[in-house]
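Coordinate inspection notes
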Amino acid sequence: MAERSVLVTGGAGGLGGAVVAAFAEAGWRVVVPERQARPDSDPAAADGLVRLVADLSDPAGAARAVEAAAGEPAAPLRAVVNMVGGYASGGLVHETPVEDFERMLTVNLRPTYLVTQAALPHLVAAGGGAVVCVSARAALAPFPGAAGYVTAKAAVLAFANAVAVEYRSRSVRCNTVLPSVIDTPANRAAQPDADHSRWVAPDEIAPVIRFLASAESAPTSGATVPVYGRA
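Figured I'd write up the structure that's included with this text. Small disclaimer: the values here were computed from a predicted structure and weren't measured.

It is worth spelling out the overall build of the chain at this point. Of regular secondary structure, the chain possesses seven helices and seven strands. Each helix and strand of the chain, ordered N terminal to C terminal, gives the series β-α-β-β-α-β-α-α-β-α-β-α-α-β. Here the C-alpha atoms of the chain give a radius of gyration of 17 Å, agreeing with the 17 Å that 2.2 N^0.38 yields for 231 residues. The principal-axis extents of the C-alpha atoms in the chain amount to approximately 50 × 40 × 35 Å. Taking all 231 residues of the chain together, 43% fall into the buried category. The contacts of the chain with a sequence gap of at least 6 include a subset with a gap of at least 24, amounting to 68%. Surface accessibility of the chain: about 11,000 Å² in total, with carbon and sulfur atoms responsible for 55%. Charged side chains in the chain number 18 positive and 21 negative. The centres of these two groups are separated by 5 Å.

Okay, the nonpolar core next. Grouped together as the largest cluster of nonpolar side chains are 27 residues, with contacts concentrated most on Leu7, Leu77, Val80, Val115, Val131 and Cys174. Secondary-structure elements contributing two or more residues to this core are strand S3 (49-53), helix H2 (59-69), strand S4 (77-82), helix H4 (110-125), strand S5 (129-134), helix H5 (147-167) and strand S6 (172-179). Tallying contributions element by element places H5 first for this core, with six residues. Look past the residues within four positions of Leu7 in its chain and what remains in contact with it is Val31, Pro33, Ala65, Val66, Ala69, Leu77, Ala79, Val80, Val81 and Val115. Ranked by size, the runner-up nonpolar core spans 25 residues in total, among them Phe23, Val32, Val132 and Val200.

Moving on, we get to the pairing of strand S1 (residues 5-8). Burial along S1 is two-sided: the residues Ser5 and Leu7 and Val6 and Val8 are all buried. Pairing between S1 and strand S2 (residues 29-34): three bridges, direction parallel. Paired with Leu7 across the strands is Val31, a residue of S2. Taken together, S1, helix H1 (residues 16-25) and S2 form a β-α-β motif whose crossover is right-handed. As defined by bridge partners, S1 adjoins S4 across four bridges and the pair is classed as parallel. Bridge pairing in S4 places Val6 opposite Ala79.

With that settled, consider the packing of helix H3 (residues 98-108) against H5. Taken N-terminus to C-terminus, the directions of H3 and H5 make an angle of 35 degrees; their axes are 8 Å apart at the nearest point. Relative to H5, the crossing made by H3 is right-handed. The residues of H5 that touch H3, namely those facing Phe101, Met104, Leu105 and Asn108, are Ala147, Gly148, Tyr149, Thr151, Ala152, Lys153 and Val156. Of the residues belonging to the contact of H3 with H5, the class tally is seven nonpolar, three polar and one charged.

Within the fold, His196 resides in the loop between helix H6 (185-190) and helix H7 (202-213). A residue is classified by how much of its surface remains accessible, and His196, at 15% relative accessible area, is buried. Here His196 is in contact with Asp183, Arg188 and Gln191, once residues within four sequence places are set aside.

According to the stated counting rule, one finds four salt bridges in the structure shown. Ionic pairing is found between Asp55 and Arg35, a salt bridge with its closest N-O pair at 3.4 Å. Of this pair, Asp55 sits in the loop between S3 and H2 while Arg35 sits in the loop between S2 and S3, and the two are 20 residues apart along the sequence. With a closest N to O distance of 2.6 Å, Asp183 and Arg188 form a salt bridge.

Counted under the stated rule, the structure contains four aromatic pairs. With a centroid separation of 5.2 Å and 85 degrees between ring planes, the pair formed by Phe23 and Trp28 is classed as edge-to-face. Judged on exposure class, the residue Phe23 and its partner Trp28 are both buried. Put simply, the rings of Tyr87, Phe143 and Tyr149 touch in pairs and so form one group of aromatic residues. One cation-aromatic arrangement involves Arg137 over Tyr228; the distance from NZ or CZ to the ring centre is 4.2 Å.

Criteria and thresholds
Residues numbered from 1 in each chain as written. Predicted model: local features only at pLDDT ≥ 70, side-chain atom pairs only at ≥ 80, totals over all residues. Heavy atoms only, no water. Helix = DSSP H or I, 4+ residues; strand = E, 2+ residues; numbered from the N terminus. Rg over C-alpha atoms; globule rule 2.2 N^0.38 Å. Buried < 20%, exposed > 50% of the residue type's maximum accessible area, 1.4 Å probe, protein only. Contact = heavy atoms within 4.5 Å. Areas by Shrake-Rupley, 256 points an atom, 1.4 Å probe, with all protein chains shown as cover. Lys, Arg positive; Asp, Glu negative; His and termini not counted. Charge placed at Lys NZ, Arg CZ, Asp CG, Glu CD. Core = buried A, V, L, I, M, F, W, Y, C linked by side-chain atoms within 4.5 Å. Pairing = 2+ DSSP bridges. Right-handed = clockwise from strand over helix to strand, strands pointing away. Axes fitted to C-alpha atoms, helices over the stretch in contact; angles between N-to-C directions. Left-handed = near helix turned anticlockwise from the far one by under 90°. Nonpolar A, V, L, I, M, F, W, Y, C, P; charged D, E, K, R; others polar. Salt bridge = Lys/Arg side-chain N within 4 Å of Asp/Glu carboxyl O. Phe/Tyr/Trp six-rings, centres within 6.5 Å; stacked < 30°, edge-to-face > 60°. Lys NZ or Arg CZ within 6 Å of the ring centre and 35° of its normal.

The following block contains the structure:
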């Protein structure tokens, strides 16, 4: 029987599967909200894994996901992993419509804010816990043609640092990992000619996220952790 719960957003994505598996293998109760149910998934709990349908860009959907994660008294919510996001390339800033720019903020920042906002009271009530946010290397090393994405990922990093400062005295930590290009099937399809050996694999990132969510990293908050592989 799991004694602690983790809410993993973006758990159905290319990195998400590895992160969900890492927490499940460590004995966590893992709650995974998804925008829509997958045909092969059972929303009921199985082997400590709970899936539910929730739109995390909507305050009510984010609150519903958090309530599910915090709803098992025997396994209080101890960690939140924010991985919902997306990437879209475009032109230079003067060529990019503001709607496209704002879409990147909506996709990458809004769910992280709403889920964290809803989860913090539960983490405090449980005696503390951890929030892990996934930003990107681009937040520190921008590249052309992606101003919206770069800005959104930098905002995720800034938000995580704000949470770390505000909740340190309440025993809630917040750290951020910054991947380079993640070696997923979607990224390989988008960049078939790239040197994939230099990319970072999901199975390499997942243990870092699990560590930052665990008691073993208790002294660490406000950290920005690069997970670049050989990129």
